[in-house]
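Listed below are the residues making up each chain.
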Number of protein chains: 6
Amino acid sequence: MSDNWLPSLITDTPAEGYELAVKLSRVAIKLIQPDAAKREQMRPEYAEDANALIASSHIVATHFATVAAANNYWKG
Amino acid sequence: MSDNWLPSLITDTPAEGYELAVKLSRVAIKLIQPDAAKREQMRPEYAEDANALIASSHIVATHFATVAAANNYWKG
Amino acid sequence: MSDNWLPSLITDTPAEGYELAVKLSRVAIKLIQPDAAKREQMRPEYAEDANALIASSHIVATHFATVAAANNYWKG
Amino acid sequence: MSDNWLPSLITDTPAEGYELAVKLSRVAIKLIQPDAAKREQMRPEYAEDANALIASSHIVATHFATVAAANNYWKG
Amino acid sequence: MSDNWLPSLITDTPAEGYELAVKLSRVAIKLIQPDAAKREQMRPEYAEDANALIASSHIVATHFATVAAANNYWKG
Amino acid sequence: MSDNWLPSLITDTPAEGYELAVKLSRVAIKLIQPDAAKREQMRPEYAEDANALIASSHIVATHFATVAAANNYWKG
């Protein structure tokens, strides 16, 4: 992957920080399974299975903790 | 999603912080599966399956840790 | 839920902090599945299944980390 | 449970801190399933199933992080 | 393993920090299962099973939190 | 177990810290299932099952976070 997919953990708002957390949770999937066709094949399992969605949401929570700390919780 | 769904991590009380944690755990589901009809279809799995409920509660715990730190644990 | 179910994260002792962590892990279940009858129906799964108990204990551990930090680890 | 099962998170050594983490991971099980006979019945699942053991080890890891922080990593 | 597989947690950019997190998540597998042939045999399970990929992404998230903190979130 | 299995969380290098994290993840298994024969019987499940390996790697990640913080990320 290009080295500038993640220039910084700093975001303007908490909502943007949350979106960054979602992005961070997705990139690992691409790095572990670089074959886009195989990922596409697994897509229904991700997006249409409740347990997979819940597990994905947990990853977002873990990354959001990191991003929020990086931004000092956007406390100005 | 609108950018103002998450204006701040700061809440007046710990209970409001907990509700924010629940909201944060739900938003990831919407971002990963944007199709409301498909989410509705999976709803029984979320709300009527003990393992899914327990997994969801764990996500809330992870987000609550972030929100509590952001609020300096509401220690005044 | 009433807003005063969680007035503070501060407790007198570590043991009370642990009980608060147990409470925090239970509240998410109520918020996600507000129907008490349905929760009651799932109760055997929670309390009589080893995997569910272990998963619940993990949630308590995550909340206990938050409560312990809030109390500065009760170091006086 | 008696209120003095957890007088403090402070231990003399890292190894004692680890044992405290094991204890903390077990107490949640007792609080959620107070019936000792039912717990005994589930015991083989805990101690003789690899997945349950691994999950239990993760809970210990989460509690050990808390205990280690409380003790400032025993850096004395 | 050679002792210099991990000379430092410090990286120049967040993207390199993320790659280090991926590496950290893989090394444990090698240490627990040192037999390369057996690991190769399990490879389809890792890279072609959605649940395994999601679980792997969670490990990356946990390590990324550590690497990000080590780098003071690359805040310069 | 002997009390000196864990004299300190401080290590000279990040790689040694990682090995300590692996050790910390294994000790819980021994404390919960002290019977070496039963552990040996479960060994294939640990080392030859992808999901068990992934779950074990996650525990290592959690312990590595603790060890890295204890060592101030080996920043010298």
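Residues numbered from 1 in each chain as written. Chains lettered and ligands numbered in written order. Predicted model: local features only at pLDDT ≥ 70, side-chain atom pairs only at ≥ 80, totals over all residues. Heavy atoms only, no water.

Here we come to helix H2 (residues 36-47) of chain A. An α-helix turns once per 3.6 residues; consequently, residues spaced three or four apart project the same way. The terminal C-alpha atoms of H2(A), which comprises twelve residues, lie 16 Å apart, in line with the 16 Å expected from a rise of 1.5 Å per residue. For H2(A), the full list of buried residues reads Met42(A), Tyr46(A) and Ala47(A). The buried side chains of H2(A) occupy one side of the element, clustering within an arc of 135° when seen end-on. Along H2(A), the residues that are exposed and aim more than 90 degrees away from the buried face are Ala37(A), Glu40(A) and Gln41(A). Contact partners of the buried residues in H2(A): helix H1 (14-32) and helix H3 (50-70) of chain A, helix H1 (14-32) and helix H2 (36-47) of chain B together with helix H2 (36-47) and helix H3 (50-70) of chain E. Its side-chain oxygen at 2.9 Å from the backbone nitrogen of Ala37(A), Asp35(A) defines the N-terminal cap of H2(A). (Helix = DSSP H or I, 4+ residues; strand = E, 2+ residues; numbered from the N terminus. Expected span 1.5 Å × (residues − 1). Buried < 20%, exposed > 50% of the residue type's maximum accessible area, 1.4 Å probe, protein only. Arc of directions from axis to C-beta. Contact = heavy atoms within 4.5 Å. Polar contact = N/O pair within 3.5 Å; in protein donor to acceptor, adjacent residues only side chain to side chain.)

Okay, the arrangement of the chains next. One finds no contact between chain A and chain C; the C-alpha atoms of the two approach each other to within 12 Å at their closest. Taking C-alpha atoms as the reference, chain B and chain E come no closer than 12 Å and do not contact one another.

Before going further, it helps to examine the interface of chain F and chain E. Opposite the 28 residues of chain F that make contact, chain E presents 29 residues. Between chain F and chain E, roughly 2,500 Å² of surface is buried when both sides are summed, and carbon and sulfur atoms account for 68% of that area. Linking chain F with chain E are one salt bridge. Close ionic contact of Lys38(E) with Glu48(F) constitutes a salt bridge, the shortest N to O distance being 3.0 Å. One can count seven residue pairs in polar contact (both at pLDDT 80 or more) joining chain F with chain E. Looking at the side of chain F that touches chain E, the elements that each hand over two or more residues are helix H1 (14-32), helix H2 (36-48) and helix H3 (50-70) of chain F. It is H3(F) that contributes the most residues to the side of chain F that touches chain E, 13 residues altogether. (Buried area = accessible area lost by both parts, 1.4 Å probe. Salt bridge = Lys/Arg side-chain N within 4 Å of Asp/Glu carboxyl O.)

Here we take up the confidence of the model for chain A. In the predicted model, chain A carries a mean pLDDT of 92, and the fraction of residues at 70 or more is 96%. Summarising per-element confidence for chain A, the mean pLDDT is lowest in H2(A) (86) and highest in H3(A) (96). (pLDDT = per-residue confidence, 0-100.)

In the Ramachandran plot, Trp74(B) falls in the positive-phi region, its phi being about 55° despite a non-glycine side chain. Phi is positive for Asn72(D), close to 50°, though the residue is something other than glycine. For Asn72(D), the location among the structural elements is in the segment after helix H3 (50-70). Owing to a relative accessible area of 44%, Asn72(D) belongs among the partly exposed residues under this scheme.

In this section: the interface of chain D and chain C. On the side of chain C, 28 residues touch chain D, which itself brings 29 residues to the contact. In this assembly, chain D packs against chain C so that about 2,500 Å² is buried in total across both faces, 69% of it on carbon and sulfur atoms. If you look at where chain D meets chain C, you find one salt bridge. Linking chain D to chain C there are seven residue pairs in polar contact (both at pLDDT 80 or more). When residues of the side of chain D that touches chain C are traced back to their parent elements, those giving at least two are helix H1 (14-32), helix H2 (36-48) and H3 of chain D. Counting residues per element, the side of chain D that touches chain C draws most heavily on H3(D), which supplies ten residues. When grouped by side-chain class, the residues that make up the side of chain D that touches chain C number 18 nonpolar, eight polar and three charged. (Nonpolar A, V, L, I, M, F, W, Y, C, P; charged D, E, K, R; others polar.)

The next point concerns the packing of H1(F) against H3(F). Residue and element names in this part refer to chain F. With their axes 8 Å apart at the nearest point, H1 and H3 run at an angle of 125° to one another. By the angle between their directions, the pair H1 and H3 is classed as oblique. The two elements H1 and H3 meet at a crossing, and its hand is right-handed. Two secondary-structure elements touch here, H1 through Pro 14, Gly 17, Tyr 18, Leu 20, Ala 21, Val 22, Leu 24 and Ser 25 and H3 through Ile 59, Val 60, His 63, Phe 64 and Val 67. Class assignment for the residues of the contact of H1 with H3 results in ten nonpolar, three polar and no charged. (Axes fitted to C-alpha atoms, helices over the stretch in contact; angles between N-to-C directions. Parallel < 35°, antiparallel > 145°, perpendicular 65-115°, else oblique. Left-handed = near helix turned anticlockwise from the far one by under 90°.)

Next up on the list: the relation of the copies chain D and chain C. With an axial shift of 0.0 Å and an RMSD of 0.1 Å, the rotation relating chain D to chain C amounts to 60°. Here the two chains are linked by the operation of a six-fold rotation axis. Proximity to the rotation axis, assessed at the C-alpha, singles out Thr62(D) in chain D; its C-alpha lies 6.8 Å from the axis. The share of interface residues of chain D whose copies in chain C are also at the interface is only 10%, consistent with the copies meeting through different surfaces. (Least-squares fit on C-alpha atoms with pLDDT ≥ 70 in both.)

Once chain F is rotated about the relating axis by 60° and shifted along it by 0.0 Å, it coincides with chain E to within an RMSD of 0.0 Å. Of all interface residues in chain F, a mere 11% are interface residues in chain E too; the two copies therefore contact each other through different surfaces.

With that settled, the discussion passes to the packing of H1(A) against H1(B). Relative orientation of the contacting elements H1(A) and H1(B) amounts to 60°, with a least axis distance of 11 Å. Between H1(A) and H1(B), the angle is such that the two are oblique. For H1(A) against H1(B), the interelement crossing comes out right-handed. Where H1(A) abuts H1(B), its residues Tyr18(A), Val22(A) and Arg26(A) lie against Leu24(B), Val27(B), Ala28(B), Leu31(B) and Ile32(B).

With that settled, consider a positive patch on the surface. Residue and element names in this part refer to chain A. A surface patch of like charges, here positive, comprises Lys 23, Arg 26, Lys 30 and Arg 43. Among the elements that line the positive patch, the one with the most residues is H1, at three residues. You can see Lys 23 is positioned in helix H1. (Patch = residues over 30% accessible without salt bridge, like charges linked within 9 Å, V, L, I, M, F, W, Y side chains within 5 Å. Areas by Shrake-Rupley, 256 points an atom, 1.4 Å probe, with all protein chains shown as cover. Lys, Arg positive; Asp, Glu negative; His and termini not counted. Charge placed at Lys NZ, Arg CZ, Asp CG, Glu CD.)

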